[in-house]
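Listed below, chain by chain, are the residues.
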Amino acid sequence: MGICFSIEDERRLSVSESSAKPKPAESADHASGAPLVPSSMNIKDLRVSAGHCNVDIFTYEELRLATKHFRPDFILGEGGFGVVYKGVIDDSVRSGYKATEVAIKEHNHEGFQGDREWLAEVNYLGQFSHPNLVKLIGYCCEDEHRLLVYEYMASGSLEKHLFRRVGSTLTWSKRMKIALHAARGLAFLHGAERPTIYRDFKTSNILLDGDFNAKLSDFGLAKDGPMGDQTHVSTRVMGTYGYAAPEYVMTGHLTARSDVYGFGVVLLEMLIGRRALDKSRPSREHNLVEWARPLLNHNKKLLKILDPKLEGQYSSKTALKVAQLAYQCLSQNPKGRPLMSQVVEILENFQSKEENDDGIIHNGGSSITLYEVPKDSNDSPS
Ligand SMILES: Nc1ncnc2c1ncn2[C@@H]1O[C@H](COP(=O)(O)OP(=O)(O)OP(=O)(O)O)[C@@H](O)[C@H]1O
Ligand SMILES: [Mg+2]
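In the nomenclature of an unreviewed UniProt entry, the chain is known as non-specific serine/threonine protein kinase of Flemingia macrophylla. Database annotation for the chain, UniProt heading Subcellular location (unreviewed entry): "Cell membrane".

What follows is the structure in C-alpha cells.
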C-alpha cells in the first residue's frame, strides 16, 4: 500500500501529486453495525485468510464455473477497471453453498499498481455492513487474478435508468428514494469514528435492487478521512470528471465535503435528467453544474429545466426545495455545503411531507433555508 497510480481512462481524473503521501488505510472503528478490522490486509494476508466477517475466498475455477466460463452474454457492464459478469454460486460451484446470484468483477489492471484499487475494495467494503452499501460476498486473488464477488443488484445502475434505458420510467418518487438511500450510504461512511471518504460518487456507482433500493458500489478510490485536528487528507486527485469537487481538483485536499459535492452533481442529474458532462449539447450546456446551478434558485427557470420525463409528477414546492438542496451541495465553498447527515434529514423530511404538499410555488425566487450556511461562508444562495 502507499503507492499512487493513474487510471488511464478519459472519464477519470488523475491530476496532481500532493507533497504528502497518501497514508495506508488504517483500521477503522466503524460504528453502527460495522465490525472492527484489525488492520488493512495486503495480498499476502488475503490469500491466506479473508480477515473480514462473511467474506469468502473463491478460487478462479469456482468463479469460472459461476459465470459459465465468463460467457460474453453474462456481461453486466464494463468500467475502467474491468468487466462485470453475472454469476450464480451454488452447490455445483462449491459443495453446500446456498444458491446466490452474484456480480463478479474481473480486474483488468495488472501488477502491483492494479492491486491498490482491488485491495481498497476488499479492505473497505469487506468490513462494512449497511443496507445502502453493496455487500462484498467474496474475492479471488489466485496468481495474477483479481476478482471481486458482490451481491447481485437486479435493476443495475442508476446511470442505466436515468440515461441509457429506452422508455425508462424513473419516477419522481423513485428518484427521491434513490437520493435518500445513496445519501444514507455516504452519511454512514462519513459518520464513523474514522470517517471514510468515498471519492467516486456518480450514477454508475449507485446500484439498484429489484425494489429500487439504492446501494453504493465501487470502493476502489475510498480513502480514510481526516482525524482529530486534521482538516483534510492530501491525495493524488482521482475520481471522475464532472463529479469531483473544485477545491479537491485544485489542491488535492480531500474532505467529506468533496463527497457532498459529488452527491449534489448526482442530485442535479436526477432533477434535470442530463449527464454531468455532455458534449452533444451546445457548448454552454456541456457542464451541467455550470449551466444549471445558477438556475436552481429561480422558480420559473427551474421548472423549465426539470427533466421532461418527470411529466410534472412532483409538487413544485418540493422540486424547488430539492433543487435548493442540490444548490447548497454544489457550493464552491466546501463549508457552504451541508453534511451528509443533514442531507439525509432534509430528504427524509421531503418524503414524509410530500403527501401534504400543496404545490404552491414561491414567488420572486426567494430561497428557502434548508441548511444554515456557516457565517464564514461567502457562497450563500443569491
Ligand atoms: N453488484 C452488481 N450487480 C449488478 N450489476 C452490477 C454490479 N456491479 C456492477 N454492475 C454493472 O456493471 C457495470 C460496470 O460496473 P463498474 O463499476 O465496473 O464500472 P462503472 O461504474 O460503469 O465505471 P467505473 O469503472 O468508472 O466505476 C455497472 O454500471 C453495472 O451496470
Ligand atoms: Mg463503478
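What follows deals with the overall build of the chain. Helices and strands together make up the secondary structure of the chain, namely 11 helices and 15 strands. When each of the 382 residues of the chain is scored for burial, the buried share is 42%. Partitioning the contacts of the chain with sequence separation of at least 6, the portion at a separation of at least 24 is 68%.

Moving on, we get to helix H5 (residues 172–191). Given a rise of 1.5 Å per residue, 20 residues ought to cover 28 Å, and the 28 Å separating the end C-alpha atoms of H5 matches this to within 8%. Of all 20 residues in H5, 14 are buried; the element is thus mostly enclosed.

So, on to the pairing of strand E5 (residues 100–107). Pairing analysis gives eight bridges linking strand E4 (residues 82–89) to E5, with the strands arranged antiparallel. Its bridge partner being in E5, Ile 89 is matched across the sheet by Thr 100. Two strands pair when backbone bridges link them, and E5 and strand E7 (residues 147–151) are joined in this way by five bridges, in the antiparallel orientation. Residue pairing in the sheet places Ala 103 in a bridge with Tyr 150 of E7.

In the neighbourhood of ligand 1, 21 residues make up the surrounding shell, with Gly 77, Gly 79, Gly 80, Ala 103 and Ser 204 lying closest. Residue assignment for the shell around ligand 1 shows that the elements contributing at least two residues are strand E3 (75–79), E5 and strand E8 (156–157). For the shell around ligand 1, the leading source of residues is E3, giving four residues. Across the shell around ligand 1, the residue classes tally to nine nonpolar, eight polar and four charged. Counting residues domain by domain, the shell around ligand 1 receives three or more from each of domain 1 (37–151) and domain 2 (156–351).

Turning our eyes to something else, we now look at the sheet that holds strand E6 (residues 136–140). Spatial ordering of the open sheet is given by E2-E6-E7-E5-E4-E3, a layout of six strands whose pairing is mixed. Taken across any chain shown, the strands that pair with only one partner, and hence form the sheet edges, are strand E2 (56–57) and E3. As paired strands, E6 and E7 are joined by four bridges and run antiparallel to one another. Bridge pairing links Leu 136 to Tyr 150 in E7.

Let us look at the pairing of E3. As paired strands, E3 and E4 are joined by four bridges and run antiparallel to one another. Looking at the pairing, Glu 78 lines up with Val 83 of E4. Following E3, the chain reverses through two residues before pairing antiparallel with E4.

Moving on, we get to unusual backbone geometry. A positive phi angle, near 45 degrees, is found at Asp 143, a position not held by glycine. Secondary-structure assignment places Asp 143 in the loop between E6 and E7. Classification of Asp 143 by C-beta neighbours within 10 Å gives exposed; the count is 8. Residue Asp 218 is not a glycine yet carries a positive backbone phi of 70 degrees. Relative to the elements of secondary structure, Asp 218 occurs in the loop between strand E11 (214–216) and strand E12 (223–224).

A separate point is the sheet that holds E8. Pairing within the open sheet is antiparallel, and its three strands lie in the order E8-E10-E11. Because the sheet does not close on itself, it has two edges, and the strands there are E8 and E11. Relative to strand E10 (residues 206–208), E8 is paired through two bridges, and the arrangement is antiparallel. Directly across from Ser 157, in E10, lies its bridge partner Leu 207. Sheet contacts for H5: E10 and E11; angle to E11, the most-contacted strand, approximately 30 degrees.

Caution applies to low-pLDDT parts of the model: their predicted coordinates are not meant to be read in detail. For the chain, the mean per-residue pLDDT works out to 82, and 79% of the residues sit at or above 70. Counting contacts from residues 375–382, a segment whose pLDDT is below 50, to residues more than four positions away or on other chains yields 16 contacts.

Attention now goes to the nonpolar core. With 90 residues, the main nonpolar core has Ala 183, Leu 267 and Ala 326 as its most contacted residues. Element by element, the count of residues in this core is highest for helix H7 (residues 256–272), at 11 residues. Residue assignment places this core across two domains, with domain 1 (37–151) and domain 2 (156–351) each supplying three or more. In this structure, Leu 267 is in contact with Ala 179, Val 322, Leu 325, Ala 326 and Cys 329, ignoring residues within four places of it in sequence.

Under the UniProt annotation, the feature "binding site: ATP" (unreviewed entry) is placed at Lys 105. Structurally, the position occupied by Lys 105 is in strand E5. With 25 C-beta atoms packed within 10 Å, Lys 105 lands in the buried category.

The rules behind each value
- Each chain carries its own residue numbering, running from 1 in the direction its sequence is written.
- All chains are assigned letters beginning with A, and all ligands numbers beginning with 1, in the order in which they are written.
- Owing to the predicted nature of the model, reporting of local features is limited to residues with pLDDT of at least 70; listing and counting of side-chain atom pairs is limited to 80 or more, with chain, interface and lining totals taken over all residues.
- UniProt positions are given in the numbering used here, feature names are shortened, and annotations may be inferred rather than shown by experiment.
- By the criteria applied, helices consist of DSSP H or I runs no shorter than four residues and strands consist of E runs no shorter than two, each listed in order from the N terminus.
- Here a residue counts as buried when 20 or more other C-beta atoms fall within 10 Å of its C-beta, as exposed when 12 or fewer do, and as partly exposed in between; the C-beta atoms come from the backbone.
- A residue pair is marked as a contact if its C-beta atoms, positioned from the backbone, fall within 7 Å.
- Under the convention used throughout, the expected extent of a helix is 1.5 Å for every residue step, that is, one less than its residue count.
- A pair of strands counts as paired when DSSP detects no fewer than two bridges linking them.
- By definition, a residue lies near a molecule or strand provided its backbone-derived C-beta atom is within 6 Å of it.
- Side-chain classes follow a simple rule in which Ala, Val, Leu, Ile, Met, Phe, Trp, Tyr, Cys and Pro form the nonpolar group, Asp, Glu, Lys and Arg form the charged group, and the remainder, Gly included, forms the polar group.
- Bear in mind that the domain bounds are from an automatic or database domain assignment.
- Only C-alpha atoms enter the line fits that serve as axes; for helices the fit covers just the stretch in contact. Angles between N-to-C directions range over 0 to 180 degrees.
- pLDDT: the predictor's confidence for each residue, scored from 0 to 100.
- As used throughout, a nonpolar core is a set of buried Ala, Val, Leu, Ile, Met, Phe, Trp, Tyr and Cys residues joined through C-beta atoms within 7 Å of each other.

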